[in-house]
Structure formats: C-alpha cells, structure tokens
Amino acid sequence: MVAAIPVVRVAGARLGWCTVSDRLALGEHTEDFGEFVRVNLPGLLRYGHALAGNPHDAADLVQTVLEKVGSRWTHVMHKTGDPLAYVRRSMANAHISHWRRTRKENLVAEIPDQPRVEPVDSFDNEPLWQALRALPPRQRAVIVLRYYEELSEAEIAESLGVSRGTVKSQASKAMDTLRTRLDQAAGGDR
Amino acid sequence: MEIDDELRRLFTDERLTLPVGEGAEQAIVAGAARRRKRRGVAGAAAGGAALVGVVFAGIALAGSSAPHKAPPAAPMSITPTSSSSSPAPSSTHRPAAPHRLPKTTRPELTKTAQPPPRTTQPSTPPTSPEETTWTANPIPTPLPLDTLPEGG
C-alpha cells in the first residue's frame, strides 16, 4: 500500500498530544469528521509511528483507519463516547490483524525506473527502537498501549479484545525480548 | 536505567512526531466519503439480490407445494384361475384401487329412517358364476414322496 498522506515538514510546528480533557471536549464539540481529523491527525500520526515503527506505515495505518471510521462516523459518534479512543483501538487492532500481512507486499502497476530510496529514520541509531520494531505486532501493540497510552492491563485487554492473561504474557515476552536485544546491542558495542 | 523508563523516554521523544502534509485531512475525508458511497452501493445491490432471491424462493416453494399426480402403481402379478368369456380384466381393473381401501356399504353406519336409494352403480359389478375370479398365485404344495410315481 502506498501512503497517500503527503508528508511535508512543517517548520517549527509542535504537533501531537491530545489530553483527556481535549478528548472530552472533542466528543462534545466536534461533530464534523473533518474537524476531528484536522485536530487529531498529528497525534494519531505520532501514535501510528510508535505502533507501526516507521513514518510511511504510520501514515498508511492512520489513513486507512480514519477512512473506515469516517465512513461510519455517525454510528461511531453515537456508539462510542470517545471517538479518539475508538480510533486508537482500531489502529492497534488494524496493525495487528492486517498490517503485518500486507505491508511486505507493495503492488505497483509499473516497475519504477529508479529504485526506491528509503528515507532515513531518525530512530535508526536507537537500539531500543530497533528492538521494538522487531517485535511481533501484538507484542508491540501491548507495549505501545502500556507505555505510550499508559493503559492498564485490563484496558489493554479490552482494547485488543484479548484476555488479561494474554496481555500479561505478551508483555512479559516482549520485555524479555527487548532486554535480550538491548543486552546484545550493548555487548556488541563493547 | 530500567527498560520501563527507557520505553517511556522513547515514546515521549520529539522525533516520534510526524509532520502533517497539506491536504492530508481533505484526502482522508474524501476517502471516507468514497468508502461510505461504495458501501451504500454495495448494500443496495445486496438488498436487491436478496429481494430477488426471496421472490424466486417463494415462487419455487409455491410450485413445489401444488398438488401433483401420483405415479401409477405397479400392476399386481395376478393370474386367472379359470377361463371365462368375460372381457379382459384390464378393462375393469383400476390400477389405483390397491392404494385405497375398498368402499363397502356398511348398513350399521347409515342408520337413517329411510336409507337413501342407491342410485349409483356399485363399485364392483355383479358377479356371475362364469365370471373370472382373480386370486393370487397359490404356492404349490409339494406332493408326498410316497405318491410319486416310481420311475421305470
């Protein structure tokens, strides 16, 4: 899938966070889907970046989920009190269920003349980021929801539709893997 | 440093922030509208197909519930036990008769002051001594051994 969100560097722009009070305010005042997207897109891109592991997959993930949610926006607004939380949960689930299967395939109509130049990720020299990217999608989602969203085990289980035991085991495996890889990276640096 | 703190530090890093391109919001809103429209068209098509299916199923059910002729029963294997001058039994024998109980006149069931006069022909024609009687083939009983003629 090709990212359709044009990524243009906005100089000096502080994009991102959306607090709980902001979410409540959005739930009360943001009726229009376009306004919801305009306000929350930076934070969702940041969250998608943590979830997917690279900017392009993050843009695709955000766009796919927002289009799905926007196509049934009235239903989402009536059924969920917090559409932003719903979008974040949808992103985590979409990343786990769909993303892993399709992201390695990039079907194009014509083979490009010049090979694609992969942009340099600013986290490329970060061992923890590399170890995080190498985790299976569900383990990474659990870690992101735990340390990015600051959700509890029960909330993560509810968000992902799994049991608390699954969340606990996935988090434990992920932390063990991260420790092992960080130790390996530290040993290699010596 | 604990790995928990490392993760929290990583997720609050400014480098995680991605810039939003111009026109991104419009692209998403347009994509959502396109999906909604596509789903509406698909839903209408599915509804139409379901309606056509229901109509066809109703027609098929109505057709199958209509009365139909029972296939003719297989004729019994019967042989006449005596010759007669009466016409062939096939002209009087009704194939469907074995399926139904024969209608008999039971006087005890019609206890009326004046029984209605019988105006219709009886279901079985009056028999005459010369008329053919139809019976099933009897199983031949074996002759006793002592009655067998001795072979010469």
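Residues numbered from 1 in each chain as written. Chains lettered and ligands numbered in written order. Predicted model: local features only at pLDDT ≥ 70, side-chain atom pairs only at ≥ 80, totals over all residues. Heavy atoms only, no water.

(A) Inspection of the confidence of the model for chain A at higher detail. Residues and elements named next belong to chain A. Looking at chain A, pLDDT values average 79 and 72% of them are 70 or higher. Element-level mean pLDDT values for chain A span from 46 in helix α1 (residues 20–29) up to 93 in helix α7 (residues 137–147). Contacts from residues 1–30, a stretch scored under 50 in pLDDT, to residues over four places away or in other chains number 54 contacts. (pLDDT = per-residue confidence, 0-100. Helix = DSSP H or I, 4+ residues; strand = E, 2+ residues; numbered from the N terminus. Contact = heavy atoms within 4.5 Å.)

(B) Helix α3 (residues 55–71) of chain A, seen in detail. All names here are of chain A. Between its first and last C-alpha, α3 extends 24 Å over 17 residues, near the 24 Å set by a 1.5 Å rise per residue. Among the 17 residues in α3, 14 count as buried, and that is most of the element. Put simply, Asn54 is the residue that caps the front of α3, since its side-chain oxygen is 3.2 Å from the backbone nitrogen of His56. (Expected span 1.5 Å × (residues − 1). Buried < 20%, exposed > 50% of the residue type's maximum accessible area, 1.4 Å probe, protein only. Polar contact = N/O pair within 3.5 Å; in protein donor to acceptor, adjacent residues only side chain to side chain.)

(C) Highlighting the interface of chain A and chain B. Tallying the contact residues gives 45 residues for chain A and 30 residues for chain B. Both faces considered, chain A and chain B share a buried interface measuring about 3600 Å² in area, 67% of it formed by carbon and sulfur atoms. When the area that chain A buries against chain B is broken down by residue, the three leading residues are Arg46, Glu67 and Tyr147 of chain A, summing to 18%. Counting across the interface, chain A meets chain B through four salt bridges. The shortest N-O distance in the salt bridge between Glu67 of chain A and Arg35 of chain B comes to 3.3 Å. (Buried area = accessible area lost by both parts, 1.4 Å probe. Salt bridge = Lys/Arg side-chain N within 4 Å of Asp/Glu carboxyl O.)

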